[in-house]
Amino acid sequence: MAAYAPLMTAADGDGTQTSRSRLLSVAKSLFGQNGYDQTSTSAIARAAGTSESQLMRYFGGKAGLLEAIFNDAWTALGGSVSQIVTDSQHAREATLRLLVMMMTALGRDHDIAVLFLLEGRRMRGVTHEVFLSQGFVQFFKILSDLIGKGQQEGSFRNDVKPVVLASAIMGCAEAMMRDRLMAEHGEGESAFDDVAVRTTFASMVNGLAPSPTAAAPEPAKK
């Protein structure tokens, strides 16, 4: 377990934003390394150089803190999502670029990727309530709406409901993310790179075109 020194400096003071940011940053790392259930609010507060009462004040508890971590991560993608939709020639191209962007962003943040896979949609408590962050719900809706738009304009096949295709596509993304993380930890095949991810998404998404001749070009490599 990594040791975290308090992040407060004299210049920070105890402002709401800096305290909140410290709690988010430390919690993301501790959740990613040790797991959500194994990380206590006292450990998070101590590592962030603040108090449990501050954590409760900003997030209402550990579950609220996890939700804020996810929502901040999804929000960071918001501007790129809008730009992709605007710049794409049709909805299927936008869907492909959106998936590549998501996988690239998660590939750059190991802790968020681990949390997304292990904690993003897990049953909790005796009621077996499934945790879903608002950011994920919004992202899934954007994906479903894009597919629906593509069916109307003719860039997607229209014999399967948009929500079903969106679910299948997200399932593929989660599986690749999981296998990539396992490979990085020596638990599986060799880790595959971004080119393999992009090629796989292109094959899958373009395979959902009404006909092979309507396939959209792969996004430009950066």
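Since the structure is predicted, the reported quantities are computational estimates derived from the model, not experimental observations. (Residues numbered from 1 in each chain as written. Predicted model: local features only at pLDDT ≥ 70, side-chain atom pairs only at ≥ 80, totals over all residues. Heavy atoms only, no water.)

(A) Focus on the overall build of the protein chain. Helix and strand counts for the protein chain stand at ten helices and two strands. When the helices and strands of the protein chain are placed in sequence order, the string is α-α-α-α-α-α-α-β-β-α-α-α. The long-range fraction of contacts in the protein chain, counting pairs at least 24 apart against all pairs at least 6 apart in sequence, stands at 65%. (Helix = DSSP H or I, 4+ residues; strand = E, 2+ residues; numbered from the N terminus. Contact = heavy atoms within 4.5 Å.)

(B) Up close: helix α2 (residues 41–48). The complete set of buried residues in α2 reads Ala43, Ile44, Ala45, Ala47 and Ala48. Immediately downstream of α2, the backbone of glycine 49 shows phi near 70 degrees, a positive value. (Buried < 20%, exposed > 50% of the residue type's maximum accessible area, 1.4 Å probe, protein only.)

(C) Fine view of the packing of aromatic side chains. Taken as a whole, this structure holds three aromatic pairs when the rule is applied. Arranged with centres 5.2 Å apart and planes meeting at 50 degrees, the rings of phenylalanine 31 and tyrosine 36 form a pair that is tilted. For the pair formed by phenylalanine 31 and tyrosine 36, the shared burial category is buried. Judged by centre distance (4.8 Å) and plane angle (35 degrees), the rings of tryptophan 74 and phenylalanine 139 are tilted. (Phe/Tyr/Trp six-rings, centres within 6.5 Å; stacked < 30°, edge-to-face > 60°.)

(D) Quick peek at helix α7 (residues 110–119). In terms of burial, α7 is largely enclosed, as seven of its ten residues are buried. Within α7 the residues assigned to the buried category are Asp111, Ile112, Ala113, Val114, Leu115, Phe116 and Glu119.

(E) Representation of the packing of helix α8 (residues 134–153) against helix α9 (residues 162–184). Contact geometry of α8 with α9 gives a least axis separation of 8 Å together with a crossing angle of 125 degrees. Taken together, α8 and α9 sit at an angle that is classed as oblique. α9 is crossed by α8, and the crossing has right-handed handedness. Of the residues in α9, those in contact with Phe136, Phe139, Phe140, Leu143, Ser144, Ile147, Gly148 and Gln151 of α8 are Pro162, Val163, Leu165, Ala166, Ser167, Ile169 and Met170. When its residues are assigned to classes, the contact of α8 with α9 shows eleven nonpolar, four polar and no charged. (Axes fitted to C-alpha atoms, helices over the stretch in contact; angles between N-to-C directions. Parallel < 35°, antiparallel > 145°, perpendicular 65-115°, else oblique. Left-handed = near helix turned anticlockwise from the far one by under 90°. Nonpolar A, V, L, I, M, F, W, Y, C, P; charged D, E, K, R; others polar.)

(F) Broad picture of the side chain of aspartate 111. Locating aspartate 111 in the fold gives a position in helix α7. This buried residue, aspartate 111, is left without a salt bridge; lysine 28 holds the nearest opposite charge, at 5.6 Å. Every residue in contact with aspartate 111, bar those within four places of it in the chain, is listed here: Lys28, Ser29 and Gly32. (Lys, Arg positive; Asp, Glu negative; His and termini not counted. Salt bridge = Lys/Arg side-chain N within 4 Å of Asp/Glu carboxyl O.)

Just geometry here; none of it tells us what the structure is for.
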